[in-house]
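What the coordinates show
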Amino acid sequence: MKKILISLAVFLLNLNFCYAQIVVYNVKTHKIHKPSCPSATKCTTNCIKIEKKAAQARGGIPCKKCGG
């Protein structure tokens, strides 16, 4: 029973890595925000929603409030 539970836990943890993490990226300041971040909700003109890896490839840095 323990082996089944451990296998299931490992499987479920790996599922999270299969999905791309969507973030809010400010193209002017190059800050990466989580969608729930107050700074992300205030940003309207310079922000786009993209995958975190793509934002990092553009030179994005994590927000100090939410950790992006």
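Keep in mind the model is a prediction, meaning the values are calculated, not measured. (Residues numbered from 1 in each chain as written. Predicted model: local features only at pLDDT ≥ 70, side-chain atom pairs only at ≥ 80, totals over all residues. Heavy atoms only, no water.)

Right, let's talk about the overall build of the protein for a bit. When helices and strands are tallied, the protein shows 3 helices and 4 strands. In the protein, the succession of α and β elements from N to C terminus is α-β-β-α-β-α-β. Per-residue burial over the protein gives 24% buried out of 68 residues. (Helix = DSSP H or I, 4+ residues; strand = E, 2+ residues; numbered from the N terminus. Buried < 20%, exposed > 50% of the residue type's maximum accessible area, 1.4 Å probe, protein only.)

Let us look at the nonpolar core. Counting 7 residues, the largest nonpolar core is built from Val24, Cys37, Ala40, Cys43, Cys47, Cys63 and Cys66. Once residues within four sequence positions are removed from consideration, Val24 is found in contact with Lys31, Ile32, His33, Pro35, Ala40, Cys47, Ile48 and Lys49. (Core = buried A, V, L, I, M, F, W, Y, C linked by side-chain atoms within 4.5 Å. Contact = heavy atoms within 4.5 Å.)

Moving on, we get to the side chain of Asn26. When you line up the elements, Asn26 lands in strand β1 (residues 22–26). Among the polar contacts made by the side chain of Asn26, one reaches the main-chain amide nitrogen of Lys28 at a distance of 2.9 Å. Apart from residues lying up to four places away in sequence, Asn26 is in contact with Lys31, Cys43, Asn46 and Cys47. (Polar contact = N/O pair within 3.5 Å; in protein donor to acceptor, adjacent residues only side chain to side chain.)

Another point: the sheet that holds β1. Read from one edge to the other, the open sheet built from 4 strands follows the order β3-β1-β2-β4, with strand pairing classed as mixed. The open sheet has two free edges, formed respectively by β3 (47–51) and β4 (61–62), since each of these has just one partner strand. With 5 bridges joining them, β1 and β3 adopt antiparallel strand pairing. The partner of Val23 across the bridge, within β3, is Ile50. (Pairing = 2+ DSSP bridges.)

Turning next to the confidence of the model for the protein. Chain-level statistics for the protein give a pLDDT mean of 85 and a share of 81% at 70 or above. In the model of the protein, helix α1 (residues 2–18) stands out as the element of lowest mean pLDDT, 64, in contrast to β4, which has the highest, 96. (pLDDT = per-residue confidence, 0-100.)

Inspection of the secondary structure puts Lys65 in the segment after β4. For Lys65, a relative accessible area of 64% corresponds to the exposed category. Between the alpha carbons of Lys65 and Lys34 there is a distance of 9.6 Å; along the sequence they are 31 residues apart. Discounting residues that sit within four places of it in the chain, Lys65 has contacts with Cys37 and Ser39.

Another point: the state of the cysteines. Applying the stated criterion across every chain yields a total of 1 disulfide. There is a disulfide in this structure between Cys43 and Cys47, and the S-S distance comes to 1.9 Å. Across the S-S bond linking Cys43 and Cys47, the dihedral sits near 100°, which makes this disulfide right-handed. By relative accessible area, which is 16% here, Cys47 ends up buried. With no disulfide of its own, Cys63 has Cys66 as its nearest cysteine by sulfur position, at a separation of 3.9 Å. A relative accessible area of 7% places Cys63 in the buried class. (Disulfide = S-S within 2.5 Å.)

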